[in-house]
Amino acid sequence: MTAAQYLNCLQGVMQREWLRFFQQRSRFLSALVRPLLWLLVFAAGFRAALGVSIIPPYSTYITYETYILPGLCCMILLFNGMQGSLSMVYDREMGSMRVLLMSPLPRPFLLLCKLLATALVSLIQVYAFLAIAWCFDIRPPLWGLLAAAPALLLAALLLSSLGLLLSNGIRQLENFAGVMNFVIFPLFFLSSALYPLWKMRESSEWLYWLCALNPFTHAVELVRFALYQQFNLTALLVCLGLWLLFSLAAVLTFNPQRAAVRG
Amino acid sequence: MSICVQGVSFAYGERQALRQVDFSCQPGCLNALLGPNGAGKSTLVALLSRLYDLQQGDILLDGLSIRQHPRAALRQLGVVFQQSTLDLDLSVRQNLAYHAALHGLSRREAAQRIDAELARQQLGERQHERVRALNGGHRRRVEIARALLHQPRILLLDEASVGLDQASRRALNQHVRALCDEQQLTVIWTTHLLDEILPSDPVVMLNRGRVVAQGQADALSNGATQESLSDAFERLSRASEEPAL
């Protein structure tokens, strides 16, 4: 197979994800409503109660809405990553996974195509969310929006690969809801998305360590720093390393036999 | 293109689905794989299409082992699965374009082949409709068009006529036979419905994971005594289940 054929395959997988995404408008709306509620309702109530001191990458005092914006961007990526894996389980149950597996291209490449496609669909939703936030005067630096794109892509790949890995362990669609509760909520709440880590440390040392070790925290910090055109090396290395690790584990644990039908 | 199944056994854990299956298919015609539900036909299709890894034995396509050359084998195979694998929310054309991309075809090449296949399957006017809006017979035609897009030399149809009415079943069967004549396709048609088999068809009978008979349908049905293929199938299946003395 030639490089052009690999590229054609990638384009095809991405096009299918786009088409499915645009046809599921309710999915797009719900992906936006969730973080907007946090931003416009939850944060509005909390801004008076919670003071955020000057911490990197911020050079001045900021509102609580400004603080949680990167975390909410990553929340979209997290939900989409899990939604992507849900669609893998759905495809497996409905049989359409077999179409993918009948491709003569290597299966690890096909899975990576799916990952990239899911990640790019997530990015569109994040930028739509940032545009709405902009309208409500929650405005990161303009150049930061551009600088954050690679960070958002890496975070999306990390969370999608985690979702793909999880989907390999799920036998039936019905089992997925429980896993979502045990994965999404702990990842989100035990992170720096809603509160700075020093706040967590004030409350409890072990809670702080849980948050500090959470991969989602590093995804949030990577995006937060990038939005302010700064570079967080630790977050970058953790996200990059875990993305590669989760992707490798997802490829190795992928079992095509589950995609077939017994006769 | 020849297909040769050699000593294939397969088990789902403790349950043995195929036992030392050996047979060859005649190139360029419809080969019927006949067996009741649970005989192991779909397992065999899953092995041929590399959805399952071979546990024992080998399958040769034109002498090439699919164990050693799985991707080369997949390029030669078009498959229509028993359960529909179309994306119901995409249009006919979008489904075909997705498959073409998975086989590495460029957009221009894919567009040409899609047009040709849609015309051949008489689906041109419905190409922009969502698959959800099509009836069972048309969906099967879309799946056949899709399976032929990358110009395979072997077409596997796993109980493709299940769920279709009598007229659609007959039309589908005739359509596949026409494809064999036009393109010299080697077809494996798995079924438990005997009326889909013609006297001249090469037949492999499978029961409880074993090949119980193989040969031309009229020879198997013992034409001299006017035994029907159905009777022959029952007789041979019964014989295969009787314990050896």
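Owing to the predicted nature of the structure, the values given are computational and were not obtained by experimental measurement. (Residues numbered from 1 in each chain as written. Chains lettered and ligands numbered in written order. Predicted model: local features only at pLDDT ≥ 70, side-chain atom pairs only at ≥ 80, totals over all residues. Heavy atoms only, no water.)

> Sorry if this is basic, but what is going on with the UniProt feature "transmembrane region" (unreviewed entry) in chain A here?
All names here are of chain A. Under the present numbering, the feature "transmembrane region" (unreviewed entry) in UniProt falls on residues 36-55, 67-90, 111-136, 142-166, 178-198 and 233-254. With 96% helix and 0% strand, residues 111-136 has end C-alpha atoms that lie 38 Å from one another. The distance from the first to the last C-alpha atom of residues 142-166 is 36 Å, and the span holds 100% helix and 0% strand. (UniProt positions renumbered as here; feature names shortened; annotations may be inferred. Helix = DSSP H or I, 4+ residues; strand = E, 2+ residues; numbered from the N terminus.)

> Please clarify how a nonpolar patch on the surface should be interpreted in this entry.
Together, Leu-29, Val-33, Leu-37, Leu-40, Val-41 and Phe-136 of chain A make up an exposed nonpolar region whose accessible area comes to about 550 Å². Mapped onto the elements, Leu-29 of chain A comes out in helix H2 (residues 25-46). (Patch = residues over 30% accessible without salt bridge, like charges linked within 9 Å, V, L, I, M, F, W, Y side chains within 5 Å. Areas by Shrake-Rupley, 256 points an atom, 1.4 Å probe, with all protein chains shown as cover. Salt bridge = Lys/Arg side-chain N within 4 Å of Asp/Glu carboxyl O.)

> Please explain the nonpolar core as it appears in this structure.
The nonpolar side chains of soluble globular proteins are, as a tendency, buried together. Residues and elements named next belong to chain A. If you look at the biggest cluster of nonpolar residues, it comprises 58 residues, and the most contacted ones within it are Phe-129, Phe-188 and Phe-216. For this core, the element with the most residues is helix H3 (residues 64-94), which contributes 13 residues. Residues contacting Phe-188, with those up to four places away along its chain left out, are Trp-38, Gly-71, Leu-72, Met-75, Leu-78, Ala-193, Leu-194 and Phe-216. (Core = buried A, V, L, I, M, F, W, Y, C linked by side-chain atoms within 4.5 Å. Buried < 20%, exposed > 50% of the residue type's maximum accessible area, 1.4 Å probe, protein only. Contact = heavy atoms within 4.5 Å.)

> Would you explain empty space enclosed by the protein in this entry?
Rolling a probe over the atoms, with the probe sized like a water molecule, indicates the empty space that remains. All chains considered together, the criterion is met by 5 cavities of 30 Å³ or more. Estimates place the volume of the largest cavity at around 90 Å³. Along the walls of the largest cavity sit 14 residues, with Met-102 of chain A together with Val-79, His-99, Arg-146 and Ala-147 of chain B positioned nearest its centre. Secondary structure elements with two or more residues in the lining of the largest cavity: helix H4 (97-101) of chain A together with strand E6 (77-80) and helix H5 (136-148) of chain B. With 3 residues, E6 of chain B is the largest single contributor of residues to the lining of the largest cavity. (1 Å grid on protein atoms, 1.4 Å probe; cavity = no way out; pocket = protein on both sides within 12 Å on 5 of 7 lines; lining within 4 Å. Points joined across faces, edges and corners; volume = space filled by probe spheres on them.)

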